[in-house]
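Per-entry structural report
If you want the building blocks of each chain, they are given just below.
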Amino acid sequence: KNEVEQSPQNLTAQEGEFITINCSYSVGISALHWLQQHPGGGIVSLFMLSSGKKKHGRLIATINIQEKHSSLHITASHPRDSAVYICAATFAKGNKLVFGAGTILRVKS
Amino acid sequence: DTGVSQDPRHKITKRGQNVTFRCDPISEHNRLYWYRQTLGQGPEFLTYFQNEAQLEKSRLLSDRFSAERPKGSFSTLEIQRTEQGDSAMYLCASSLISRGGDYGYTFGSGTRLTVV
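Residues numbered from 1 in each chain as written. Chains lettered and ligands numbered in written order. Predicted model: local features only at pLDDT ≥ 70, side-chain atom pairs only at ≥ 80, totals over all residues. Heavy atoms only, no water.

Thoughts on the overall build of chain A
Within chain A one finds zero helices and 11 strands. Starting at the N terminus and walking to the C terminus, you meet the elements of chain A as β-β-β-β-β-β-β-β-β-β-β. The dimensions of chain A, computed from C-alpha atoms along their principal axes, are 40 × 30 × 20 Å. The burial tally for chain A puts 43% of its 109 residues in the buried class. Across chain A, contacts joining residues at least 24 apart in sequence account for 55% of those joining residues at least 6 apart. (Helix = DSSP H or I, 4+ residues; strand = E, 2+ residues; numbered from the N terminus. Buried < 20%, exposed > 50% of the residue type's maximum accessible area, 1.4 Å probe, protein only. Contact = heavy atoms within 4.5 Å.)

Looking at the pairing of strand 11 (residues 103-108) of chain A
Residues and elements named next belong to chain A. The alternating pattern of strand 11 places Thr103, Leu105 and Val107 on a buried face, while none of Ile104, Arg106 and Lys108, on the opposite face, is buried. In the sheet, strand 2 (residues 10-14) pairs with strand 11 via five bridges, with the strands oriented parallel. Looking across to strand 11, one finds that Asn10 is bridged to Ile104. Where strand 9 (residues 83-90) and strand 11 come together, three bridges link them in antiparallel fashion. (Pairing = 2+ DSSP bridges.)

Side note on the side chain of Ser70 of chain A
Residues and elements named next belong to chain A. Mapped onto the elements of the fold, Ser70 is located in strand 8 (residues 69-74). The exposure class of Ser70 is buried, given its relative accessible area of 0%. The residues contacting Ser70, other than those within four sequence positions of it, are Ile21, Asn22, Cys23, Leu32, Trp34, Thr62 and Ile63.

Considerations on the layout of surface pockets
Each pocket or cavity is described by its volume, and for the second largest pocket that value is around 450 Å³. Considering the residues around the second largest pocket, the lining is formed by 23 residues, among which Gln37, Thr38, Leu39, Gly40 and Gln41 of chain B are closest to the centre. At the level of secondary structure, the elements contributing two or more residues to the lining of the second largest pocket comprise strand 9 of chain A together with strand 9 (88-98) and strand 11 (111-115) of chain B. (1 Å grid on protein atoms, 1.4 Å probe; cavity = no way out; pocket = protein on both sides within 12 Å on 5 of 7 lines; lining within 4 Å. Points joined across faces, edges and corners; volume = space filled by probe spheres on them.)

Examining empty space enclosed by the protein
Taken as a whole and assessed by the stated rule, the structure comprises one cavity of 30 Å³ or more. Counted as a void, the largest cavity has a volume near 30 Å³. Lining the largest cavity are Gly40 of chain A together with Arg9, His10, Met89, Ser109, Gly110 and Arg112 of chain B.

Details of the packing of aromatic side chains
All told, the structure shown has nine aromatic pairs over all chains when counted by the stated rule. Between Tyr33 of chain B and Tyr35 of chain B, the aromatic rings sit 6.2 Å apart at their centres with planes inclined by 20°, giving stacked as the arrangement. As far as the burial class goes, Tyr33 of chain B and Tyr35 of chain B line up, both buried. When the centroid spacing of 6.1 Å and the interplanar angle of 70° are considered together, the rings of Tyr35 of chain B and Phe45 of chain B count as edge-to-face. With Tyr35 of chain B in strand 4 (residues 31-37) and Phe45 of chain B in strand 5 (residues 44-50), this residue pair connects regions lying 10 residues apart in the sequence. Tyr35 of chain B gets classed as buried once you look at its relative accessible area, which sits at 0%. The exposure class assigned to Phe45 of chain B is buried, which follows from its relative accessible area of 8%. Three or more aromatic residues joined by ring pairs make a cluster, and in this case those are Phe99 of chain A together with Tyr33, Tyr35, Phe45, Tyr48, Tyr105 and Phe107 of chain B. If you follow Lys96 of chain A out to its NZ or CZ, it ends over the ring of Phe45 of chain B, 5.2 Å from the centre. Here Arg22 of chain B stacks its cationic end above the ring of Phe74 of chain B, 3.9 Å away from the centre of that ring. (Phe/Tyr/Trp six-rings, centres within 6.5 Å; stacked < 30°, edge-to-face > 60°. Lys NZ or Arg CZ within 6 Å of the ring centre and 35° of its normal.)

So this is what it looks like as structure tokens:
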């Protein structure tokens with residue numbers, strides 16, 4: 001069964017802290033996606049990766065194919081990073097996304 | 001191109017009424033996906049199209065739900081005889097899949113349906 005597990009469910013951090021959100025999946029994937037959702041619903045795609053590591057500003061995403069595990073890191077966190085972060089996977093090229101339950105991140109100033 | 005557009009943003013309807021939502025994808029994207037998200041949960045897949053062909057439907061998509069993409073551009077999702085359990089955010093996404101690869105997904109802002 002294609003499954004995506006994400007942890008933690010909730011995360012509260014102080015401004016400036018280094019944040020890690022973890023994602024694991026059950027079987028081989030074609031791509032792993034990290035998404036951000038703000039209150040009000042809109043989803044923004046942060047990263048799509050199938051191997052290695054990607055970086056965009058203060059955000060870093062890594063994936064370990066052998067361990068079926070991915071992490072999203074936020075360096076020097078800021079209150080504006082507060083959002084729901086969702087890990088999702090495609091199990092074949094172009095097919096539907098299977099989503100994790102999301103991590104609610106709150107960064108306090 | 002202004003991204004993926006969904007209309008309306010919010011819809012309140014009485015139980016038993018029919019509702020229709022529209023999604024306009026990024027024009028060059030050949031795939032279009034519908035997802036449903038209830039409060040506190042991650043989105044769940046409903047259906048997707050490649051051009052005008054509906055390639056997969058979830059078992060979540062009961063016979064009260066129908067989706068179309070008649071010309072391979074915009075898509076509509078209709079819910080007949082709405083029930084309170086249909087209250088959710090309905091998300092549309094589009095992507096470009098080609099021999100060159102998978103270029104990722106772009107999401108719309110969603111349509112929030114409340115059935116009263």
